[in-house]
Amino acid sequence: MKLTVNGETYEAKQAESVTALLEEMGIGRRAVVVVLNDEVIPASSRSTCGLREGDCVELFRLVGGG
Amino acid sequence: MKLTVNGETYEAKQAESVTALLEEMGIGRRAVVVVLNDEVIPASSRSTCGLREGDCVELFRLVGGG
Amino acid sequence: MKLTVNGETYEAKQAESVTALLEEMGIGRRAVVVVLNDEVIPASSRSTCGLREGDCVELFRLVGGG
Amino acid sequence: MKLTVNGETYEAKQAESVTALLEEMGIGRRAVVVVLNDEVIPASSRSTCGLREGDCVELFRLVGGG
Amino acid sequence: MERQGKVQDEWIVGGHRFSSRLLMGTGKFQDAETMVGAVLASGAQIVTVALRRVGRIPQEDDMLGPLQRLRGITLMPNTSGARNASEAIRAARLGRELSGSPFVKVEIHPNPHHLMPDPIETFEAARILAAEGFVVMPYMPADPVLAKRLEDVGCASLMPLGSAIGSGRGLATAEMLRLILRDARIPVIVDAGLRSPSEAAAALEMGCDAVLVNSAVAASGDPIAMAAAFAQAVGAGRNAHRAGLMPRGGGTALATSPLTAFLSVEGS
Amino acid sequence: MERQGKVQDEWIVGGHRFSSRLLMGTGKFQDAETMVGAVLASGAQIVTVALRRVGRIPQEDDMLGPLQRLRGITLMPNTSGARNASEAIRAARLGRELSGSPFVKVEIHPNPHHLMPDPIETFEAARILAAEGFVVMPYMPADPVLAKRLEDVGCASLMPLGSAIGSGRGLATAEMLRLILRDARIPVIVDAGLRSPSEAAAALEMGCDAVLVNSAVAASGDPIAMAAAFAQAVGAGRNAHRAGLMPRGGGTALATSPLTAFLSVEGS
Amino acid sequence: MERQGKVQDEWIVGGHRFSSRLLMGTGKFQDAETMVGAVLASGAQIVTVALRRVGRIPQEDDMLGPLQRLRGITLMPNTSGARNASEAIRAARLGRELSGSPFVKVEIHPNPHHLMPDPIETFEAARILAAEGFVVMPYMPADPVLAKRLEDVGCASLMPLGSAIGSGRGLATAEMLRLILRDARIPVIVDAGLRSPSEAAAALEMGCDAVLVNSAVAASGDPIAMAAAFAQAVGAGRNAHRAGLMPRGGGTALATSPLTAFLSVEGS
Amino acid sequence: MERQGKVQDEWIVGGHRFSSRLLMGTGKFQDAETMVGAVLASGAQIVTVALRRVGRIPQEDDMLGPLQRLRGITLMPNTSGARNASEAIRAARLGRELSGSPFVKVEIHPNPHHLMPDPIETFEAARILAAEGFVVMPYMPADPVLAKRLEDVGCASLMPLGSAIGSGRGLATAEMLRLILRDARIPVIVDAGLRSPSEAAAALEMGCDAVLVNSAVAASGDPIAMAAAFAQAVGAGRNAHRAGLMPRGGGTALATSPLTAFLSVEGS
């Protein structure tokens, strides 16, 4: 399935849910916020929130800053 | 004729035109700008511009400033 | 006996020793240094050090300072 | 004739007077002050002031400075 | 003059109560361990973090994990990287989602050369975010009128710069800070430009409520020791402010020793 | 960069070892109790006192009695009031007799208006007193050549002024202090002119070994609290010096947050 | 380095060409004669005036009559007294009507205590007035981002403050002025805060195009002589800027005399 | 307040009368032509030169020949290179022999690193040279007590440093200069440290009688133009001093425009 993740094309293998996508990308445990087609997906809905061809996903996390 | 001049009530004696009002007020020769009911009256129209009971007149001039 | 104490004339009643003078002046217990005719008198010699008419005595102490 | 000029040994060829020495050194026209054995030689005495083996000559001039 | 006693010398921002007057940034540290050590040494209770897109192959170690496990730390995400109000608002919302904290450091600096804040976009973003319930802490130029307007739209504090970010030029804006302090009814925190603990102390002495530092600690020779030094200095400055500095001399010297001591007679 | 550890950060002057880097003067206090409280709060180990003729009817209370009963305090009589080297030498000898201390603050300021030290008389007195075995601490102008000459004749430390006595103008002489510090092999103590703890911290940050304050404490709103604030600030400044301040920005801002954070992808 | 020659060192603002780099305000003078004398002595070509309602019994003498009769003077009405953009716009239009001049000094300072400009209202007024064809000269905080935005909406120059109006604290904002100068493509004029000709010279030396003074002249001991001194100083500063100041020493002394002069041999 | 008029604003040093308040050094210039051009452009009437041993093969061109042919120039040899009083005295005598001028700039700086003057040797040399009839102009630290002592032994002027030679740090010693000026009865000339005309103007504004510059001109981008700029600035500063600067604001802004102008009625 073709997605746009953080502005780049991404070929997801089995990402039928947001949770699955995060696991596939290897960032499952880290605290991230997921924005799907410009809408924030609450952490509680990740496993039930499905993805469709062409979806635009953005993932953010906190880093050091001043 | 009752006017409001610079925010205060003013009893004009014979101020049928702006020019006449300025003369009556003794400021004929000084460079002033006349605002009649929120509209600027060009110097060239002062003598032909009549005043009516209740008109609101504002007069401004330049002074020293930084 | 007439002495000069700290630059002023002083009439001592029974100041046959430095110790006696200090007591008479009421400064016995306070830490002072005694200069007799420009020479410092050690504390240990005060009771044996006699005074003579016209002697010049200076007394100093420590006070607050920066 | 061996002289010490400005701290260095100098073999003068025909320096029987201060004036001759200055000419030999090529500094005749420039404003210098001559110190012979720690004594300043006035400009007026240069031609009559002779030099002897071992004399110590110092020559100074003005340069740019702040 | 209030006397320091048992009563805690606390300050309140956005309804939250803090005792530490030193806020710490977490950027530019060599590693997470040093950063956490410095935060602990600083005693900071409010700590700024930034927002960043996750890369496909995450390469840096998780700097903030250890931080979030510390007790008594309020995270304050910033909006750095935003070049206008709408980017800042979006960043603020994402930051709140991630941190769970209502605090946001609004930071909009369109020019990467000097990183000076944009007063107009900052005002706009602050206004909207305050209305959304954020505890808005705007990084701002040391501008007394802007300060008052930011207060009026509901900011929780003012964070004027001491000098340009990372410049280490100290309290170059002192004159303007004084004007801000005179009228502010919300806390004033000097953010940016401080290089040394003495400058932090000076900010507190003049009446600022707190300071925020980052480069001065992270880029120092020993960040943990420097964080502790800043904490000490902030305490010193605050205590001096409360005790009341001596009046400024009118250019006239005043002897501390009795000047005539050596020659004159006491009591005469 | 030395790391602070168990090892005490002590300094040595005239063969005597001290841990406190704050010296206190005892003039101008309202009463003995406040003075003693301030000295205790400051943690000072070296305390200056002045010499004065005793009057016939002694009227002030004994300010120094309580001070001398404190442990761990080294008294340092000054020579204030002396207008030339010979008066200062005489005062120094009497001060030693009274205090039992080898320390002397040589202080010769002929002009009561500004109280600035006389470099020539100070040099002469310092030379003679050092030869007599005093631990000579000269109050001096912030003059790098004079500093070196005072060191050469055996002074135990240098005490350049930050600004005029009692003026509270801080480190107005900073440029000269830096030149003094670069060459000095004996401790450098900023004496006079400090008004606030932040200025004391700045002196330590730039590498001074200690500071001496009096008016800034005695004439503050709360001398005891202010003495404590100075102690904190001196500690902060010293620790910052040891930790190493961040390099001074060359006028260029440096972001503390990853600037491209909001838009760019991490790891790309 | 351009060499001063026959070519006039002019500057252009809003398409108008000027040779004098000193702008004068006309407020606070004792009488019209002194004011006109000071303007003449200053050589100013741009002169600010204010707008005021005419009273029923006009009592002050006509200060501006004589001024308007001078040749080569461009009047620049200001909007002082306006507390927001719409008042300022109205004042600007009336000022143009009266003066016949397209120049306007936009000046919006809502706080009578410190008279600092409002960045948001100033931006709004400047944007609208520039679109109406005014030559907009905004009095503004020394804010580099605001400066760029004012330039972008069509201002003819930037007039950042050196320090608070009438405070006479000089170039307190120097660091920010440098950031403004680096990016500006329109003239930068320091307005407000200057007290002495040396400060005006310093503004020109750092690259400012001109300065505007009023209090410093009007409140001096001899306004006419002071106006002339400012003119001289502005010329000196501008000429120094063009000649190129010597590089700043890195803290190291450099002898101007050949140091070894006295003992060494020339040419060895 | 004296009013400038026909009467020349002259100053007198050692019985000699001068109208120019700018003294020039002649070191560090690229060539004699530039140096002479700069001296002419500066309008200087007193010009310093240094003493040097002649080499066997003289290699530099004769920089001073053209200078000595100028009219109205008083040469002032300096004693640079001298490390103590006796070397300075010897240099002074040789300088007088060569220049025919009674003026001598006593300059004794033992440390080649910072070139700061030695107060003790300078005092000794000045005392002896004054007694020999020289017009003694001592380069000195900005030390108020030393200043008074140098005056007392017959110096013709005082030449305190603004900051370290060649450092270009300007009037870093301003506080001490003010103390010197208050008591001096002989001219005070700021020597060393000035980098820009604005700093020279500031020295004159605060009441100094003149300034001496060298590096600031010789190391500038265009020495001749810079010399002229310094001359202008010195004139501006002097005229401003005579006119009387406006009082320093007490931190309070004062409007230059009638603040109520826009809304209120004149005469009401």
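Residues numbered from 1 in each chain as written. Chains lettered and ligands numbered in written order. Predicted model: local features only at pLDDT ≥ 70, side-chain atom pairs only at ≥ 80, totals over all residues. Heavy atoms only, no water.

Asks: Whenever I open this one, the overall build of chain E confuses me. Can you help?
Replies: Across its full length, chain E holds 9 helices and 10 strands. Counting all 268 residues of chain E, 67% fall into the buried class. In chain E, the proportion of contacts linking residues at least 24 apart, taken out of those at least 6 apart, comes to 65%. Total accessible area on chain E stands at roughly 8900 Å², and carbon and sulfur atoms take up 48% of it. (Helix = DSSP H or I, 4+ residues; strand = E, 2+ residues; numbered from the N terminus. Buried < 20%, exposed > 50% of the residue type's maximum accessible area, 1.4 Å probe, protein only. Contact = heavy atoms within 4.5 Å. Areas by Shrake-Rupley, 256 points an atom, 1.4 Å probe, with all protein chains shown as cover.)

Asks: I tried to follow the sheet that holds strand β6 (residues 103-106) of chain G on my own but got confused; where do I start?
Replies: Each strand in a sheet pairs with another by means of backbone hydrogen bonds, the pair being arranged parallel or else antiparallel. Residue and element names in this part refer to chain G. Strand order in the open sheet formed by 3 strands is β6-β7-β8, and the pairing between neighbours is parallel. Bordering the open sheet on either side are β6 and β8 (159-160), each of which pairs with just one other strand. In the sheet, strand β7 (residues 135-140) pairs with β8 via 2 bridges, with the strands oriented parallel. Along β8, the bridge assignment pairs Tyr-139 with Met-159. Strand contacts of helix α4 (residues 119-131): β6 and β7, with the helix running at about 175° to β7, the strand carrying the most contacts. (Pairing = 2+ DSSP bridges. Axes fitted to C-alpha atoms, helices over the stretch in contact; angles between N-to-C directions.)

Asks: What is the right way to read helix α5 (residues 144-152) of chain G from this model?
Replies: Structurally, the α-helix is built with 3.6 residues per turn, so residues lying three or four positions apart point the same way. If you check which residues of α5 of chain G are buried, you get Pro-144, Val-145, Leu-146, Ala-147, Leu-150 and Glu-151 of chain G. Where α5 of chain G is buried, its residues touch α4 (119-131) of chain E together with α4, β7 and α6 (174-183) of chain G. Looking at where α5 of chain G begins, the residue whose side-chain oxygen comes 3.0 Å from the main-chain nitrogen of Val-145 of chain G is Asp-143 of chain G. After α5 of chain G finishes, the residue Gly-154 of chain G shows a positive phi value of roughly 100°. (Polar contact = N/O pair within 3.5 Å; in protein donor to acceptor, adjacent residues only side chain to side chain.)

Asks: Just checking my understanding: could you explain helix α7 (residues 197-205) of chain G for this structure?
Replies: Of all the 9 residues making up α7 of chain G, 9 are buried; the element is thus mostly covered by neighbouring parts of the structure. Pro-197, Ser-198, Glu-199, Ala-200, Ala-201, Ala-202, Ala-203, Leu-204 and Glu-205 of chain G are the residues of α7 of chain G that are buried. Next to the buried residues of α7 of chain G lie β9 (189-191), β10 (210-213) and α9 (223-243) of chain G together with α7 (197-205) and α9 (223-243) of chain H.

Asks: Looking at this structure, how should I read the pairing of strand β5 (residues 74-77) of chain G?
Replies: Looking along a regular strand, one sees side chains alternate from face to face of the sheet. All names here are of chain G. Alternating positions in β5 separate into two faces, Thr-74 and Met-76 on one and Leu-75 and Pro-77 on the other, with burial throughout. Where strand β4 (residues 46-53) lies against β5, 4 bridges are found, and the strand directions are parallel. The partner of Thr-48 across the bridge, within β5, is Met-76.

Asks: So what exactly am I meant to see when it comes to the environment of Ser-17 of chain B here?
Replies: Residue and element names in this part refer to chain B. Checked against the element boundaries, Ser-17 lands in the loop between β2 (8-11) and α1 (18-24). Along the sequence, Ser-17 and Val-5 sit 12 residues apart, while their C-alpha atoms lie 14 Å from each other. Not counting chain neighbours up to four residues away, the residues in contact with Ser-17 comprise Arg-46, Ser-47, Cys-49, Gly-50 and Leu-51. Engagement of the side chain of Ser-17 in a polar contact is seen with the backbone nitrogen of Ala-20, the distance being 3.0 Å.

Asks: Sorry, what's going on with the confidence of the model for chain E here?
Replies: Low-confidence regions, as indicated by low pLDDT, have predicted coordinates that should not be scrutinised in detail. All names here are of chain E. This prediction gives chain E a mean pLDDT of 89; 87% of its residues lie at or above 70. This model gives residues 1-6 a pLDDT under 50, and the stretch forms 13 contacts once residues within four places in sequence are excluded. Note that pLDDT drops below 50 for residues 263-268; the model gives that stretch 19 contacts with residues more than four away or on any other chain. At the level of chain-chain contacts, confidence expressed as ipTM amounts to 0.91, with global pTM at 0.92. (pLDDT = per-residue confidence, 0-100.)

Asks: How should the pattern of salt bridges be read in this particular structure?
Replies: Two side chains bearing opposite charge may form a pair once their charged atoms approach each other closely. Throughout the structure, instances matching the rule amount to 69 salt bridges over all chains. Across the pair Glu-11 of chain B and Lys-2 of chain B runs a salt bridge whose closest N-O atoms are separated by 4.0 Å. A relative accessible area of 45% means that Glu-11 of chain B is categorised as partly exposed. For Lys-2 of chain B, a relative accessible area of 45% gives the class partly exposed. Taking the shortest distance from any N to any O, the salt bridge between Arg-242 of chain F and Asp-9 of chain F comes out at 3.8 Å. On the criterion of sequence distance, the pair formed by Arg-242 of chain F in helix α9 (residues 223-243) and Asp-9 of chain F in the segment before β1 (11-13) is long-range, its members being 233 residues apart. In this pair, the class of Arg-242 of chain F matches that of Asp-9 of chain F, namely buried. A single salt-bridge network, built from bridges that share partners, covers Asp-38 and Glu-58 of chain B together with Arg-53 and Arg-90 of chain G. (Salt bridge = Lys/Arg side-chain N within 4 Å of Asp/Glu carboxyl O.)

Asks: In this structure, what is going on with the state of the cysteines? I would like to understand it.
Replies: Defined simply, a disulfide is a covalent bond joining two cysteines at their sulfur atoms. Throughout the structure, instances matching the rule amount to 0 disulfides over all chains. Free cysteine Cys-49 of chain A: the closest other cysteine sulfur is in Cys-56 of chain A, separated by 13 Å. Counting only cysteine sulfurs, Cys-155 of chain F is the nearest neighbor of Cys-208 of chain F, a cysteine outside any disulfide, at a range of 17 Å. Residue Cys-208 of chain F is classed as buried on the basis of its relative accessible area of 1%. (Disulfide = S-S within 2.5 Å.)

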